[in-house]
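# Survey of secondary and tertiary structure
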Amino acid sequence: MIDELKKEIEKVRKDFLKEIDQVLSKENLKKLRDKYTSRKNGIVTEFMHNLKKLSKEYKPIAGKIINELKLNIENKFKEVEKSINSKVYKKVDYSLPDFDFSVGFSHILSDIGTEIEDIFLNLGYEIAYGFEVESEYNNFTALNIAEHHPARDEHDTFFIKDFENTILRTHTSPVQIRYMNEHKPPIKIISPGKVFRKDEPDATHTPVFNQVEGLLVDKNINFSHLKGTLESFIKSFFGGNIDLRFRPGYFPFTEPSAEVDISCVLCFGKDPDCKICKGTGWLEILGSGMVHPKVLLNCNINPEEYSGFAFGMGVERIAMLKYGIPDIRMFYDNDIRFLSQFG
Ligand code: DAH
């Protein structure tokens, strides 16, 4: 008799738990409440009524079991009501597909910048920053680029309206001036940053691009220090199998000046029709030289006592060479299919 009742009660409990698990709204909660506990014909209420019919012997035992069920059900109602009210009650469907959750990644140019910085940090350099808005003095004059020097035209400068002698820097070389005005040798810095030139965008030009400048000034610095430094940089960056050569060049702020070429990363000089090196076997990658004595003097550094070397390279250009990227505009088109190849 009691065993039967227990079984019945267990079934009610199970059914109830199944049903309440589906309840998400107040309306449905009320319906379920009525079904189980309404005074008239709630399932649990019926059990209570039927208690009266039982003999004295069974009444207390059965009463206890039914009461337990009643308490369980009431507590569960309270619990579910609370979650519905706090609106956090959500039914999770674990069978739904997950979100397409992709984490971002740094831009290829940032990565190349970091790679260059790391190589020079390992060589004992510090990183210095300049300003994108510069004075004509720092950008040209102090770097020994005279007022009517053709190099000023070559740089095709953006001028800042209403501010005299104020421009967007055309190269990172003015950081040399800023740094030497504030620090005395020994100086050993690189300076990455954006530069600006009035160029029409094409496969190799954009009006904004990135450069990294290098400057080392100390006692007894000579051209072999420059050579050794650039050689170890280029071999770390492009790989040990890459050769480099120095060609005489001209920059007003270095004397002597040298342009540096690397052996073609694509054909190694073996393909006369090579698309990258045009069959020459060499690719120009940076400008460099021994800091001009006038530049040192402009920064109150005695050229009799100190000498130094400097170099400057285009970040986009060396990234294009390293990865065989044919068009500089691809860095800025923000086509994720292109950029994600480097992420
Ligand atoms: N500033 C030069 C340019 O933008 C690059 C350069 C050449 C930097 C020679 C240097 C250097 O420091 O020594 O074309």
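Rules used in this analysis
Residues numbered from 1 in each chain as written. Predicted model: local features only at pLDDT ≥ 70, side-chain atom pairs only at ≥ 80, totals over all residues. Heavy atoms only, no water. 1 Å grid on protein atoms, 1.4 Å probe; cavity = no way out; pocket = protein on both sides within 12 Å on 5 of 7 lines; lining within 4 Å. Points joined across faces, edges and corners; volume = space filled by probe spheres on them. Helix = DSSP H or I, 4+ residues; strand = E, 2+ residues; numbered from the N terminus. Phe/Tyr/Trp six-rings, centres within 6.5 Å; stacked < 30°, edge-to-face > 60°. Buried < 20%, exposed > 50% of the residue type's maximum accessible area, 1.4 Å probe, protein only. Near = heavy atom within 4 Å. Polar contact = N/O pair within 3.5 Å; in protein donor to acceptor, adjacent residues only side chain to side chain. Areas by Shrake-Rupley, 256 points an atom, 1.4 Å probe, with all protein chains shown as cover. Nonpolar A, V, L, I, M, F, W, Y, C, P; charged D, E, K, R; others polar. Domains from an automatic or database assignment.

### Some words on the layout of surface pockets
- Reported here for the second largest pocket is a volume of approximately 220 Å³.
- What lines the second largest pocket is a set of 13 residues, and nearest its centre among them are M1, L5, E8, F47 and N50.
- Taken together, the elements giving at least two residues each to the lining of the second largest pocket come down to α1 (2–21), α3 (43–51) and α4 (59–85).
- A total of 5 residues in the lining of the second largest pocket trace back to one element, the largest contributor, which is α3.

### Details of the packing of aromatic side chains
- One pass over the full model with this rule turns up 13 aromatic pairs.
- Judged by centre distance (5.2 Å) and plane angle (70°), the rings of F120 and Y125 are edge-to-face.
- You can call F120 buried: its relative accessible area is 0%.
- Classification of Y125 by relative accessible area gives buried; the value is 4%.

### Looking at the site of the ligand
- Taken together, the neighbourhood of the ligand is formed by 15 residues, with H171, S173, R197, Q211 and E213 sitting nearest.
- Between the ligand and R197 there is a distance of 2.8 Å, counted from an oxygen atom to a side-chain nitrogen or oxygen.
- Residue Q211 places a side-chain N or O atom 2.9 Å away from an oxygen atom belonging to the ligand.
- A total of 350 Å² of accessible area belongs to the ligand in isolation, and the protein chains cover 91% of it.
- Those elements that place two or more of their residues in the shell around the ligand are β5 (208–218), β8 (282–291) and β9 (307–314).
- Residues that form the shell around the ligand fall into these classes: 4 nonpolar, 9 polar and 2 charged.

### Quick word on the domain arrangement of the protein chain
- Taken domain by domain, the protein chain consists of domain 1 (2–86) and domain 2 (108–339).
- One C-alpha centre belongs to domain 1, the other to domain 2, and the line joining them spans 82 Å.

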